[in-house]
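Analysis of the macromolecular model
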Amino acid sequence: MKVYLDNNATTMVDPQVVEAMQPFFSEIYGNPNSLHKFATASHPAIRNAINQVYSALNASDNDDIVFTSCATESNNWVLKSIWIDKILNGDKNHIVTTEVEHPSVLSACRFLEEQGVKVTYLPVNEEGIVEAHTVKGFITDKTALVSVMWASNETGMINPIKEIGQICKEKGVLFHSDAVQAVGKIPVDLQNIHVDFVSMSAHKFHGPKGVGALYIKNSQQLTPLLNGGEHMGGRRSGTLNVPYIVGMGKAIEIATTNIEEKMASIRAKRDRLEDALIELSDTFVVGNREHRTPNTILISIRGVEGEGMLWDLNNGQIGASTGSACASEDLEANTVMLAIGADNELAHTGIRLSLSRFTTDAEIDYTISHFKGAVARLRAISSSFAVQKPTKGGEVKACELHHH
């Protein structure tokens, strides 16, 4: 059996999405910015896709949603344009973010530090959550932007975005959230929560790779990242990628229709898998599952290297990961595990299993069976496990990881 459990890295494109995209490759292919009928034929589909995204996020008519190539572009756009608008051409000099952001935020922040911007990287608590009062404590009158991810790609932990948004609103500071792991997985209601900028990517909710969006509250000013033609109302130049925009609209509509039912179904499978795996001795799952996206498990197995575990799972046709795929070529200790207080050894043992609505009960059964066998095989040859005294596994606060 083949089992794909790396849905936080990317997802399968829903066949309904492929079908919706199909006509826009070779039938309705005109450049939407041209004036003839080949071009204007795509306009209703683009408008429909925009409406699908607005509806899915409950965005207001005053807000802008701009299609981008991916969330990495959306994140870079916000960070670099806030630098231009509020720091180079304003009186601010400070950005607040967290230690556990996606590499596209952290790398952009490091670039800005090289340009002289002060960046504060907030720690997370023992569950891997950024606490609102921590954010509040580091905002100054020089702060231009706060950027905190909605949910973690590695742990699935959901940050208190509503509270952080309220703090930013009271302090008069712009607030950005990388919501790649939230949109299409948990409800995201942008009229209920105050966020100025929200990044998202279609391939995380069964849409195509290579298309994302940036939500901009109240259509506020944000210098374009890309200069060129007057596409997207002058906000983002580049010929519109019509089939992918159509695909993103369809995907977000499917993902957010009856989202509570979809969440319950995925959560039930995830919980069954998690319950079975923590029966193994010396296993720890990061964070309380009530505060987690319904599809994610980050599990540490004492005495089992993450890479060894991946190799064994891969041999059994199970796809998993040791953390963010965008950083997984660097086989260093998992930065998120270190940030939440795991010791160096445990930080090398984190395995992330992320389900989707296409994951079946049979796949979960197969994974439980293979995973348990893999742990036994790898512990039998582990130098670090031999000296450990086994203890019963369970869900622990991540800060306790290094005490076991």
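Residues numbered from 1 in each chain as written. Predicted model: local features only at pLDDT ≥ 70, side-chain atom pairs only at ≥ 80, totals over all residues. Heavy atoms only, no water.

**Observations concerning the pairing of strand β4 (residues 118-122)**
The sheet contact formed by strand β3 (residues 94-98) and β4 spans five bridges and is parallel. From the neighbouring strand, V96 faces β4, where its bridge partner is T120. (Pairing = 2+ DSSP bridges. Helix = DSSP H or I, 4+ residues; strand = E, 2+ residues; numbered from the N terminus.)

**Section: the packing of helix α10 (residues 259-277) against helix α14 (residues 361-380)**
Direction vectors running N to C along α10 and α14 enclose 15°, while the axes themselves pass 10 Å from each other. If you check the angle between α10 and α14, you find them roughly parallel. Classified by chirality, the crossing of α14 by α10 is right-handed. Mapping the contact onto sequence places K269, R272, L273, A276 and L277 in α10 and D361, I364, D365, T367, I368, F371 and K372 in α14. Residue classes in the contact of α10 with α14 are distributed as six nonpolar, one polar and five charged. (Axes fitted to C-alpha atoms, helices over the stretch in contact; angles between N-to-C directions. Parallel < 35°, antiparallel > 145°, perpendicular 65-115°, else oblique. Left-handed = near helix turned anticlockwise from the far one by under 90°. Contact = heavy atoms within 4.5 Å. Nonpolar A, V, L, I, M, F, W, Y, C, P; charged D, E, K, R; others polar.)

**Concerning the environment of A49**
Looking at the element boundaries, A49 is found in helix α4 (residues 43-57). Note: C-alpha distance between A49 and K250 (201 residues apart in sequence) is 6.9 Å. When neighbours within four sequence positions are excluded, A49 is seen to be in contact with F67, I245, V246 and G249.

**Things to note about the pairing of β3**
Within β3, five of the five residues are buried, leaving the element largely enclosed by the surrounding structure. The side-chain alternation of β3 yields two buried faces, one formed by H94, V96 and T98 and the other by I95 and T97. Read from β3 through helix α6 (residues 103-114) to β4, the crossover connection turns out right-handed. Bridge analysis of β3 against strand β5 (residues 143-147) gives three bridges, and the strand direction is parallel. Within β5, the residue paired with I95 across the bridge is L145. (Buried < 20%, exposed > 50% of the residue type's maximum accessible area, 1.4 Å probe, protein only. Right-handed = clockwise from strand over helix to strand, strands pointing away.)

**As for the pattern of salt bridges**
Under the defined criterion, the tally for this structure stands at 14 salt bridges. The salt bridge partner of R289 is E274, with a shortest N-O separation of 3.3 Å. Separated by 15 residues along the polypeptide, R289 in the loop between β9 (283-286) and β10 (296-301) and E274 in helix α10 bring together distant segments of the chain. Exposure remark for R289: the relative accessible area of 15% places this residue in the buried category. Across the pair E274 and R292 runs a salt bridge whose closest N-O atoms are separated by 2.8 Å. (Salt bridge = Lys/Arg side-chain N within 4 Å of Asp/Glu carboxyl O.)

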